[in-house]
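Remarks on the overall topology
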Amino acid sequence: MRHCACPQSIEIGLALHIQAIIEGRAPGLKIDDGEYEQFRLANPDLFSTAELLSSSLKENLGLAIDRNEKFVIATFIKDGMQESSSDDHPAILITMLGEGTAESYAAALCRLSMTDGIYGCSFPIGMDDSSIRERARKKLLEISRGKGIVVFYDMDNLRTQTEIAADELGIEAVFVRNGITDRIMDMARRARFAHKASSLANASDPSIASERTQTIITLCET
């Protein structure tokens, strides 16, 4: 699809469908002539893309794509593009300390999840409250889709200032504590007085289980 910029999720979906065609697992659909022609005339670019993909598959894999499959490919691309470009969904915002940290994290998660709805907002260490609030305000305005924003935060002050900004803007914001920075800082402080990694981890977070198996011994007179 050299002339069509498709989200990665569409490319993966098409790849799975093509694999199903190769393996003979694709459902055999029969498209009505009238429906086919109406859709083709209304979406010439999509059919051009489907034709291009079909030609490439025949040239490189010897795979013949019939008219019905071209219709399926075109409709699949259309549905995927509409879904990926829709703003009718909540946005996800990651807030973190450090220049560029949240943006890098968000970009990685977008790639892993194959979505484009995750954003990052970083706050340099030492930034005062009013500056944090103003930066959060600009980011909230930038990403707001009118459906609310889920905000992940790792420091309480970032939540406080972002919450104030959201209230001022009238944007619904739901906050979820991430706590990466707090947890690592606490672990680093404890490491200065610990002698073993296992004791350090257990002291910082009791939920971290030791590698040793716990055994219960019961003593009785009988």
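Residues numbered from 1 in each chain as written. Predicted model: local features only at pLDDT ≥ 70, side-chain atom pairs only at ≥ 80, totals over all residues. Heavy atoms only, no water.

As for the overall build of the protein
How we decide: Segments assigned H or I by DSSP are reported as helices when at least four residues long, segments assigned E as strands when at least two residues long, and all are numbered from the N terminus. Accessible area is worked out with a 1.4 Å probe on protein chains only. A residue is then buried under 20% of its type maximum, exposed over 50%, and partly exposed in between. The contact criterion used throughout is that any non-hydrogen atoms of two residues lie within 4.5 Å.
Secondary structure assignment for the protein yields nine helices and four strands. The linear arrangement of helices and strands in the protein, starting from the amino end, is α-α-α-α-β-α-β-α-β-α-β-α-α. Among the 222 residues that make up the protein, the fraction classed as buried is 32%. Long-range pairs, those at least 24 residues apart, make up 67% of the contacts in the protein with a sequence separation of at least 6.

A look at the packing of helix α2 (residues 33-42) against helix α3 (residues 44-61)
The test is simple: Note on definitions: angles span 0 to 180 degrees between N-to-C directions of axes, and those axes are lines fitted to C-alpha atoms, for helices only across the stretch in contact. In what follows, roughly perpendicular refers to angles from 65 to 115 degrees, roughly parallel to angles under 35, roughly antiparallel to angles over 145, and oblique to any angle outside these ranges. Think of it as three bins: nonpolar holds Ala, Val, Leu, Ile, Met, Phe, Trp, Tyr, Cys and Pro, charged holds Asp, Glu, Lys and Arg, and polar takes everything else, Gly as well.
In the contact formed by α2 and α3, the axes pass within 5 Å of each other and the chain directions differ by 105°. With respect to α3, the element α2 is oriented roughly perpendicular. Residues Y36, F39, R40, L41 and A42 of α2 lie in contact with α3, whose contacting residues are P44, L46 and F47. Residue composition of the contact of α2 with α3, by class: seven nonpolar, no polar and one charged.

A short note on the sheet that holds strand β1 (residues 91-97)
Basically, it comes down to this: Two strands form a pair only when DSSP identifies at least two bridges running between them.
If you trace the four strands from one edge of the open sheet to the other, you get β2-β1-β3-β4, paired in parallel fashion. In this open sheet, the two edge strands, each paired with only one partner strand, are β2 (118-123) and β4 (173-177). Each strand of the sheet is rotated relative to its neighbour by a mean of 25°, with strand direction disregarded. As judged from the five bridges shared by strand β3 (residues 149-153) and β4, these two strands associate in the parallel manner. Bridge assignment links F152 to a residue of β4, and that residue is V176. Strands in contact with helix α6 (residues 129-143) are β1, β2 and β3; relative to β2, the strand with the most contacts, it is inclined by about 165°.

Concerning the packing of α6 against helix α7 (residues 156-169)
Which entries qualify depends on this criterion: In this scheme, a crossing is called left-handed if the near helix is turned counterclockwise away from the far one by less than a right angle; it is called right-handed if the turn is clockwise.
Between α6 and α7, the least distance of the axes is 8 Å, while the angle of their chain directions is 55°. By the angle class used here, α6 and α7 are oblique. In the packing of α6 onto α7, the handedness of the crossing is right-handed. Contacts between α6 and α7 pair D129, I132, R133, A136, R137, L140 and L141 from the former with N157, L158, Q161, T162, I164, A165, A166, E168 and L169 from the latter. Grouping the amino acids of the contact of α6 with α7 by side-chain chemistry returns nine nonpolar, three polar and four charged.

Regarding the pattern of salt bridges
Put simply, the rule reads: Counted as salt bridges are all cases of a side-chain nitrogen of Lys or Arg within 4 Å of a carboxyl oxygen of Asp or Glu.
In this structure the tally under the stated criterion is six salt bridges. For R137, the salt bridge identified is with E168, shortest N-O distance 3.6 Å. Pair noted here: R137 is in helix α6 and E168 is in helix α7, with a separation of 31 residues, a long-range link. For R159, the salt bridge goes to E163, with nearest N and O atoms at 3.6 Å. Of this pair, R159 and E163 both sit in helix α7, separated by four residues, roughly a single helical turn. For R159, a relative accessible area of 29% corresponds to the partly exposed category.

Brief notes about the pairing of β1
Consecutive side chains of a regular strand alternate in pointing toward one face of the sheet and then the other. Of all seven residues in β1, five are buried; the element is thus mostly enclosed. Relative to β3, β1 runs parallel, the two sharing five bridges. Bridging from a neighbouring strand, A91 pairs with I149 of β3. Where β1 meets β2, six bridges bridge the pair, whose relative direction is parallel. Residue pairing across strands places M96 opposite S122, the latter belonging to β2.

Things to note about the side chain of T162
Locating T162 in the fold gives a position in helix α7. Taking relative accessible area as the criterion, T162 reaches 1% and is therefore assigned buried. Apart from residues no more than four positions distant in its own chain, T162 is found in contact with T95, A136, L140, V151 and F175.

With respect to the packing of aromatic side chains
Which entries qualify depends on this criterion: A pair of Phe, Tyr and Trp rings is counted when the ring centres sit within 6.5 Å of each other, with Trp represented by its six-membered ring. The angle between the planes then sorts it: under 30 degrees is stacked, over 60 is edge-to-face, the rest tilted.
Counting across every chain of the model gives two aromatic pairs. Seen in terms of ring centroids, Y153 and F175 are 6.3 Å apart; in terms of plane orientation they differ by 70°. Their pairing is edge-to-face. In this pair, Y153 is assigned in strand β3 and F175 in strand β4, connecting sequence segments 22 residues apart. Classification of F175 as buried rests on a relative accessible area of 14%.

Remember that the coordinates give geometry; whether it matters functionally is a separate question.
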